[in-house]
Amino acid sequence: MEKTLDLFQIGEGGIVKRVSGEGQIKRRLFDMGITPGAEILMRKRAPLGDPIEVTVRGYELTLRKTEAASVVMEVAK
Amino acid sequence: MKRFALAGNPNCGKTTLFNSLTGSTAHVGNWPGVTVDKKTGTYKKCPEPVQIIDLPGIYSLSPYTPEEVIARNYVLDEKPDCVINIVDATNLERNLYLTTQLMEIDVPMVIALNMMDAVEKSGDKIDEKELEKRLGVPVVKISALKEKGLKELMDKAYAESKSERKGITVLEESALGHLIGDVKIALKGQNVQNPLFHAVKLVESDSIETEMHKETVQMINEFKETFEDEVFGNDFEALVADARYKYISKNFAPTVQKKKKEKFSMTRSDKADKVMTHKIWGIPIFLLILFAIFHLTFSEDFLYLGAIFKLPSLEDLGLLTAEGEPINYGVRWLACIYDGAVFSPGVIINNIWNDMLVGELFGWLGGLVEGSSMSPWAIGLINNGIFEGIAAVLSFLPPILVLFLFFSILEDSGYMARIAFILDRMFRRFGLSGRAFMPMIMGFGCSVPAMINTRTLADEKERTATVRVIPFFSCGAKLPILTAVAGAIVAYFHVGNADAITFLMYLLGIVAAIVSVLLMRSTTLKGETPPFIMELPAYHAPQFKNLMAHLWDKTKHFVKKAFTIILASTIVIWFLTHFSFAWKFLEDEEINQSILAGISQLVQPLFTPLGFGSQLGQYGWVFVVAAVAGLIAKENVIATFATLAACLVAVANLNIGGLDIAAEEGIDAVQAMILATGITVPALISFIAFNMTTIPCFAAVGTAKAELQDKKRFNGTLIFWISASYVISAAIYTIGSWWWTAFIWAALIAAVVCLIIWHNKNAQKKALKKV
């Protein structure tokens, strides 16, 4: 099943299929290791619901939901 | 001298390594044209001394942030003799991503595999010989923290620096390998240096490169038209990033043997984070930490022991003389630590420093000058101008240092990044990111370091907005003004409560800051909310050595700035208050004839809407003098109160009854000023508000100028400070004096807000039409 990263439940994991979006934000996501094939685990939401924290390539990354919305994921079974 | 550059990700131990290698030779400056720290130092244990340059911490060599551009240009243009790429061995994949880009540059290179102690502790193993073979670049295992392997690293780097190295790329096998090869040959034909690096960046459509090699872009565009990847289409930037990571996972990651099989196990850091950023407890914990920091730095009743146990004051204990002075030397020391309550560590350090060390020193020096045969004006200049200026700078040091120490601990432990994580949602409403919080809160200590701290903000507009509102977070030097005027209001008019007034004024500053940011971000500093894609480094105990190095850096920065500007401003004030236009030296009480008084009388009508202008009559200029002196340096306002009160007594034959106008707190001095001018309570409140929100001091102005770079932005900042304080104070005075004017203000504000919304909507429509 495909869905964007911002819609993930806590503890849910998956594999990046593609990254939509444009320019700087997209490049930044790539540079931080969110490239197709990367495994991502949704860790938590900030106390106010946004941003979110994920584990990718063995480290913790935080990004906003709006930014996570451009990451299309294949949900792990 | 040979030059080695340190390059690596943020949080990879680069600073620790730099400190270990260079020790006391470290020097912090700025990269030309931008406000990013440039650290250099000397390493002495190679056959010849080596200059070490600490490049900014970066994740990539993309053209988007100033840090990335600096690092990239330094390696390309300055051609260091060797690049030492520090790689966090606990997070090899992401760290090697930068490595694969650095490798493409024709420069000798060594990889320092850092944090090997942590890797070994977790039971993992890294085959560095195999990694070295696969990378084609020497790899040395080190632990920057335990200073292990540093000698080997530097010897290796020194050996490498003697030969040349041609760039290599991991992209050869990728779909774009051929194109990169062709572009490289073309660039080589044009005699371009570092052809491989430029070729790769050109293929990525990197904005800096396409500007530089316009002819060659054509070649890539032709290729692009014929190219179609099933995942990326012809987005080469994405393709290249993906190819790098793919290569790393396939070829480099296998050199790591993980002990544990489960992928997402809980480390100690994870467990700590579960509590610190907890859904419910995260925010209370954050507030508690913040409160603790301010309590430890500023509280005069540590842990509220005094209030709880009703501890006796020194006076109750009979340890003070009738004049309220300690009876002996021992009690003077005791008074630094205790008086009816135990002081917090920050206050104790402050007291000892100011009362015992700096106070004593300048008391003694002042006595020497006083006793000399110099002319009165020279004695005045040295004692009241220069010495007071130096003492003022020094007196600021303890609270700032203590505050810095706590903030460095937060930074070093990894909690600072979590603060940004917790607060981002709230700050985004105002068009800022969570990172803007730290500089703002530092403003409560001193605006100068707070403004320097805005460098952590990547977006220029966000930075400008933050620098502008920092003074609204009332700094240490403004507090005495608040307590003096608030105290005088309570003592003279018998209304209100001094603590409540002070607290409300702090609150006013915060509200003013929020409103101003909102206004600026929807008018002059409009722009997208900057992205927030940030690493959350693992928690670890702060390192004493790192903390001290950090503290030393910041202190040097502050002292340099403060010594020049604050010292100069006290001398300026002394001069303006002690000389008349006719070039005559004046005694303290003759301040009414001074240049400052002359200027103040001239501009006094301007302050009428604020309540301390023309309506105060003959002696009304005293408040203007204090306010104008405050523009130069806020700590001078209190001193001005005392001289102004003395002057009023001498000139106006003021009967001040039992008031002690020379008292340190300035409350009685302000009462004398109230007596002479008949100023009202709303006007006094407006006076405090003006001081809180206007141009903070010359030192902050100088810092803002250096940090903002752009001249227009700087001028805008000055205009903003002046107009904000004017409007806020005028509103307070008029509403306080005539309650119904609140409706006029409300209508005005509503009109302005409507105008902005209407204007923005129109601009949006226009933009849409264009598309």
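Starting afresh in each chain, residues are numbered from 1 along the sequence in its written order. Lettering for chains starts from A, numbering for ligands starts from 1, and both go in the order in which the items are written. Local features are withheld for residues below a pLDDT of 70 in this predicted model, meaning they are given only at 70 or higher, and side-chain atom pairs are given and counted only at 80 or more; totals for whole chains, interfaces and linings count all residues. The side-chain values count all of the structure's non-hydrogen atoms but skip hydrogen atoms and water molecules.

1. Points about helix H2 (residues 66-78) of chain B
For the α-helix, the turn length of 3.6 residues means that residues three or four positions removed from each other point alike.
Turning to step 1, where the next piece is worked out: The end-to-end C-alpha distance of H2 of chain B, which contains 13 residues, comes to 17 Å, matching closely the 18 Å that a straight helix rising 1.5 Å per residue would cover.
Turning to step 2, where the next piece is worked out: Within H2 of chain B, burial applies to Glu68, Ile70, Ala71, Arg72, Tyr74, Val75 and Leu76 of chain B.
Turning to step 3, where the next piece is worked out: By the convention used here, residues are in contact when the closest approach between their heavy atoms is within 4.5 Å. Helix and strand assignments come from DSSP, with helices taken as H or I runs of at least 4 residues and strands as E runs of at least 2, each series counted from the N terminus. Buried residues along H2 of chain B sit against helix H1 (23-31) of chain A together with strand S1 (2-8), strand S4 (50-54), strand S5 (82-88), helix H8 (195-203) and helix H9 (207-212) of chain B.
Turning to step 4, where the next piece is worked out: Following H2 of chain B by one or two positions, Lys79 of chain B adopts a phi angle in the positive range, close to 45 degrees. Multiply 1.5 Å by the residue count of a helix minus one, and that product is the helix's expected span. For every residue, the accessible area (1.4 Å probe, protein chains only) is compared with the maximum for its type, and the residue is labelled buried under 20%, exposed over 50%, or partly exposed between those bounds.

2. A word on the packing of aromatic side chains
All names here are of chain B.
Turning to step 1, where the next piece is worked out: Ring pairs are drawn from Phe, Tyr and Trp, using the six-membered ring of Trp, whenever the two centres fall within 6.5 Å, and their geometry is named by plane angle: stacked under 30 degrees, edge-to-face over 60, tilted for the rest. In this structure the tally under the stated criterion is 30 aromatic pairs over all chains.
Turning to step 2, where the next piece is worked out: Judged by centre distance (6.2 Å) and plane angle (90 degrees), the rings of Phe427 and Phe437 are edge-to-face. Of this pair, Phe427 sits in helix H18 (residues 415-428) while Phe437 is found in helix H19 (residues 437-442), placing the two residues 10 residues apart along the sequence.
Turning to step 3, where the next piece is worked out: An aromatic cluster of at least three residues, connected via ring pairs, comprises Phe607, Phe612, Phe623, Phe641, Phe687 and Phe690.
Turning to step 4, where the next piece is worked out: To sit over a ring, a charge needs its Lys NZ or Arg CZ within 6 Å of the ring centre and within 35 degrees of the ring normal. For the cation-ring pair, Lys2 lies above Tyr158, with the distance from its terminal atom to the ring centre recorded as 5.9 Å.
Turning to step 5, where the next piece is worked out: A cation over a ring is seen here: Arg418 above Tyr539, with NZ or CZ 4.2 Å from the ring centre.

3. Side note on the sheet that holds S4 of chain B
All names here are of chain B.
Turning to step 1, where the next piece is worked out: A pair of strands is treated as paired once DSSP finds two or more bridges between them. In spatial order, the strands read S2-S3-S4-S1-S5-S6-S8; together these seven strands make up an open sheet with mixed pairing. Edge strands, defined here as strands with exactly one partner in the open sheet, are strand S2 (27-30) and strand S8 (139-141). Strand-to-strand twist across the sheet, computed as the mean angle between neighbouring axes with direction ignored, equals 25 degrees.
Turning to step 2, where the next piece is worked out: Lines fitted to the C-alpha atoms define the axes, with helices restricted to the stretch that makes contact. Angles between their N-to-C directions range from 0 to 180 degrees. Contacts from helix H5 (residues 128-135) reach strand S6 (109-114) and S8 within the one sheet, and its direction differs from that of S8 by about 155 degrees.

4. Here's the deal with the confidence of the model for chain B
Turning to step 1, where the next piece is worked out: What pLDDT reports is the predictor's confidence in each residue, on a scale of 0 through 100. Taken over all residues, the pLDDT of chain B has a mean of 88, while the share at 70 or more is 99%.
Turning to step 2, where the next piece is worked out: For this predicted complex, the interface confidence reaches an ipTM of 0.95, while the overall pTM sits at 0.86.

5. Section: unusual backbone geometry
Turning to step 1, where the next piece is worked out: The omega torsion of the bond from Asp50 of chain A to Pro51 of chain A falls at -5 degrees, within 30 degrees of zero and hence cis.
Turning to step 2, where the next piece is worked out: Structurally, Pro51 of chain A is set in the loop between strand S3 (39-45) and strand S4 (52-56).
Turning to step 3, where the next piece is worked out: The phi angle at Lys79 of chain B is positive, at roughly 45 degrees, despite the residue not being glycine.
Turning to step 4, where the next piece is worked out: Residue placement: Lys79 of chain B occurs in the loop between H2 and S5.

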